[in-house]
Amino acid sequence: MRNMSLKKNEMPLQEPNARKKNFLEVATGYTEEQAVDEAKRCLDCKHKPCIDGCPVRIEIPEFIQKVIDKDFEEAYQIIAKSSSLPAVCGRVCPQEIQCEQKCVRGFKGEPVGIGRLERFVADWHFKNMDTEVEKPKPNGHKVAVIGAGPAGLTCAGDLAKKGYDVTVFEALHEAGGVLVYGIPEFRLPISVVQKEIDTLRDLGVKIETNMVIGKVLSIDELFEEKGFEAVFIGTGAGLPRFMNIPGENLKGVYSANEFLTRVNLMKAYEKGAKTPVQRAKSVAVVGGGNVAMDAARSALRLGAEKVYIVYRRSEAELPARLEEVEHAKEEGIIFKLLTNPVEILADENKFVKGIKCVEMELGEPDSSGRRRPIVKENSEFVIDVDSVIMAIGTSPNPLIKATTKGLETENWGGIIVEEKTGKTSKEHVYAGGDAVTGAATVILAMGAGKDAAAAIDEEIQKRNKK
Amino acid sequence: MYKIVEKRKLNPTVTLMEIEAPEIARKAEPGQFIILRVDEDGERIPLTVADFDREKGTVTIIFQIVGASTITLGELNVGEYVRDFVGPLGVPTKTENLKKVAIVGGGVGCAIAYPIAKKLHSNGCTVHSIIGFRNKELVILEDEFKAVSEKSIIMTDDGSYGKKGVVTVALKELIESGEEYDEVITIGPLIMMKYVAALTKEYGIKTTVSMNTIMIDGTGMCGGCRLTVGGETKFACVDGPDFDGHKVDFDEAIDRSRMYENFEVEKREDSCKLYDLEVR
């Protein structure tokens, strides 16, 4: 029996008033009954438009049918063929502009909750299955991956499945990249990331932490001394941007990267944590993306009484996932839209005491197609805050570029690659994810890692046939 | 895990450790730094490389016990391990084409100044070293500096050893006596470097300072280490730690270094009480 309800099964959530005081996951996940009921909303239509909306092309209707049959493990195996990180994607993908946007059920009513089903299936697998992953037969070829984030891990996973001897080099002390330093525990628990990484390790992927490639070893040395036959660069976009307004170096001004890294990776939210973070009473987060929402909601959970999102365009242009904006509002985050900071104000000890802003209005569309915000005259006002978090974007880290001869990049730092293969200007070197595109999403990075893995495999096979 | 192969107390609060990290030892240069974590939930501590032995595959660090994490680090012994050790980070100190240099170190900063003095000396550069401490008990690396310097002067605040006074007094005397330096390289407390830079500016002597700021990742990701140099924002971890001392906004840097002062005091009190219990 199909479920013809126009609405998705609602995601069970922690109550806003309870969750804003803890770092536990906000969405608690479908029950088996809810999952099966939601799966029955899928029409299993012939042309499967959802698959085209997925950057890693998961066989979506196929796995959903297995959910209806309650064969959850088989459903997981279908997803795992295409995605190395299903439990992660089910939680952080912007499904509303990908698979779910294409779902025919969405023409009238809500699309099938594909993301929620993906998450359910992955969680079910990790909870119930303890199967040994079968190690693929080694093919004798070595590939290095730089950066253990979504792009690198996906590339590593795909290559390992083909029998490659893959080593991932990670600069931080923990693997996961933005999944562990950026996305907070209440949205993506570290234990979920850890399980995905353990699965990769079981496949034979080696992960070397504390390795800053470009400093301790260069890419050339990876080829010449360590015997790698190809290198994939998935170093992300780690360099935080600031606005260059007065007061940005005051105490209490953080980049979102720093704030979130202190809170997530260094666990500054735990009592007795050794890494400090300011516990501000009133916080302004500048920016409107997922990172801004994450920072705002983390600040709230650290005990802030008032948290503002300061964003220069209107609600329609907020780049964050819809669900994150909704959750933030439910938790009491105050949205100061069409508002742009011009100065951060200091108290007598050079701590932040306020943020001076101007009101904006929307003018003609700019090159991005979004209406350009223009300053309203004489509209200055001050919001009293004791902390400001800048979440206005990040650029690719210049470290690899600066230390690798022959690697071409755009002026803004993105590595130049051939589309679909991720091939860079340097022989046997591939790149993908935010290091190429600038800050984007987890799933796009995974898609790039996947494409590059296929291209690397093709190149190495071809080279060895000759 | 990285093994501690040597440990020496240089003075009551400053400890030297030699740590097995062959990949880093192979690449490290004076002026660069490492970041370490003592244990599973430890904070990331940036420490400048005090020495390295490429053949033995070891990196030497010298640290002062200032907070909870350095107390824990100081409790480790030879044969034990630190959990994480990453580097070499930052840009090495430029030591080429210098004929005559004054090295000015203060306190534990002398530990970082020493490998630079050593490298300059081995390059055939004339080195004059001025190293300052609060008192006699805190003097470190005296013989080491002597071995690589044509002139080496020790200053103590209370006059209990060497000459009484701050390092700028000695530096001014040397400059006034006609010594002509290509460059002054100074490493120590921010306030000391600020005054050294102010002095050399009067004489127009190029001055390099080493900025030891608050940071987390050390690779340009957090921006916590930012400082203003010549009106521009720079990241100490990737653009430095060395900067032109005449361009650094020291007042801002000093201020930013106090961001977590209260937290540090709390932590130290917490730990010290525990520490007391354990020793009792």
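Shown above is the structure to which this text applies.
Attention here is on the structure that accompanies the text. Per chain, the residues get numbers from 1 upward, laid out in the order the sequence is written. Chains and ligands are labelled sequentially in the order written, the chains with letters from A and the ligands with numbers from 1. In keeping with the predicted nature of the model, local features appear solely for residues at pLDDT of at least 70, side-chain atom pairs appear and are counted solely at 80 or more, and the whole-chain, interface and lining totals rest on all residues. The side-chain figures draw on all heavy atoms in the structure; neither hydrogens nor water molecules are used.

1. Some points on the overall build of chain B
Rule in force here: Secondary structure elements are defined from DSSP: runs of H or I of at least 4 residues count as helices, runs of E of at least 2 residues count as strands, and each element is numbered from the N terminus. Our radius of gyration looks at C-alpha atoms and nothing else; its globule reference is 2.2 Å times the residue count to the power 0.38. Burial classes: relative accessible area under 20% of the type maximum marks a residue as buried, over 50% as exposed, and values in between as partly exposed (1.4 Å probe, protein chains only). Contacts are assigned to residue pairs with any non-hydrogen atoms lying within 4.5 Å of each other. What sets the accessible areas is the Shrake-Rupley method with a 1.4 Å probe; for residues, cover comes only from the shown protein chains.
The secondary structure content of chain B amounts to nine helices and 16 strands. At 18 Å, chain B has a C-alpha radius of gyration in line with the 19 Å of a compact globule built from 280 residues. Taking the principal axes of the C-alpha coordinates as reference, chain B spans close to 55 × 40 × 40 Å. A buried classification covers 56% of the 280 residues belonging to chain B. Residue pairs at least 24 apart in sequence account for 64% of intrachain contacts in chain B once pairs closer than 6 positions are excluded. When the accessible area of chain B is evaluated, it comes to approximately 12100 Å², of which 49% is carbon and sulfur surface.

2. A look at the sheet that holds strand β1 (residues 2-11) of chain B
Residues and elements named next belong to chain B. Quick reminder of the rule: At least two DSSP bridges between two strands are required for those strands to pair. Whenever a helix is involved, its axis is fitted only over the stretch in contact; in every case the axis is a line through C-alpha atoms, and angles between N-to-C directions fall within 0 to 180 degrees.
The strand order across the open sheet formed by seven strands is β6-β1-β2-β5-β4-β3-β7, and the pairing between neighbours is antiparallel. Edge positions in the sheet fall to β6 (81-82) and β7 (84-89), since each of these pairs with one other strand and no more. Its contacts with the sheet place helix α2 (residues 68-75) against β1, β2 (14-20), β3 (33-37), β4 (45-53), β5 (58-64) and β6, and it is angled at close to 130° to β5. Relative to the sheet, helix α3 (residues 110-122) contacts β4 and β5, its axis offset from that of β4 by approximately 35°.

3. Considerations on the interface of chain A and chain B
Convention followed: The quantity reported as buried area is the accessible area (1.4 Å probe) lost by two parts once they are put together, taken as the sum for both. The working definition used for a salt bridge is a side-chain nitrogen of Lys or Arg within 4 Å of a carboxyl oxygen of Asp or Glu. The term polar contact refers here to a pair of N or O atoms within 3.5 Å; inside protein, the definition further demands a hydrogen-donor-capable atom paired with an acceptor-capable atom, and it admits residues adjacent in sequence only when both atoms are side-chain atoms. Note on residue categories: nonpolar means Ala, Val, Leu, Ile, Met, Phe, Trp, Tyr, Cys or Pro, charged means Asp, Glu, Lys or Arg, and polar means any other residue, Gly included.
Taken together, the contact between chain A and chain B spans 42 residues of the former and 44 residues of the latter. A buried area of about 3500 Å², summed over both sides, lies between chain A and chain B, and 53% of it is on carbon and sulfur atoms. The largest per-residue losses of area from chain A upon contact with chain B belong to A:K215, A:N249 and A:K274, which jointly make up 22% of the total buried on that side. Linking chain A with chain B are seven salt bridges. Our count for the contact surface shared by chain A and chain B stands at 19 residue pairs in polar contact (both at pLDDT 80 or more). Every element with two or more residues in the side of chain A that touches chain B is listed here: β5 (239-240), β6 (253-255) and α13 (256-263) of chain A. With four residues, α13(A) is the largest single contributor of residues to the side of chain A that touches chain B. Tallied by class, residues from the side of chain A that touches chain B come to 18 nonpolar, 14 polar and ten charged.

4. Re the pattern of salt bridges
Here the structure, examined in full by the defined rule, presents 51 salt bridges over all chains. The partner of B:R8 in a salt bridge is B:E6, with the nearest N and O atoms 2.9 Å apart. The class for B:E6 is partly exposed, based on a relative accessible area of 27%. B:R83 is the salt-bridge partner of B:E40, the closest N and O atoms lying 3.2 Å from each other. Separated by 43 residues along the polypeptide, B:E40 in the loop between β3 and β4 and B:R83 in the loop between β6 and β7 bring together distant segments of the chain. Taken together, the salt bridges that share partners define one network made up of A:R19, A:R116, A:R187, A:D294, A:R297, A:R301, A:R321, A:E323, A:E324, A:E330 and A:E331.

5. With respect to the packing of aromatic side chains
Applicable threshold: Only Phe, Tyr and Trp rings are paired, with Trp represented by its six-membered ring, and only when their centres lie within 6.5 Å; those with planes under 30 degrees apart are stacked, over 60 edge-to-face, the remainder tilted. Working rule: Lys NZ or Arg CZ, within 6 Å of ring centre, within 35 degrees of ring normal, means a charge sits over the ring.
Within the structure shown, the criterion is met by ten aromatic pairs over all chains. Between B:Y114 and B:F145, the aromatic rings sit 5.7 Å apart at their centres with planes inclined by 75°, giving edge-to-face as the arrangement. Residue B:Y114 is found in helix α3, and its partner B:F145 is found in helix α4 (residues 142-148); the two are separated by 31 residues along the sequence. We note that B:Y114, like B:F145, is buried. Feature note: the residues A:F23, A:F186 and A:Y269 constitute an aromatic cluster, connected by ring pairs. Just above the ring of A:F335 sits the side chain of A:K329; from NZ or CZ to the centre is 5.8 Å.

Just distances and angles here, no functional claims.
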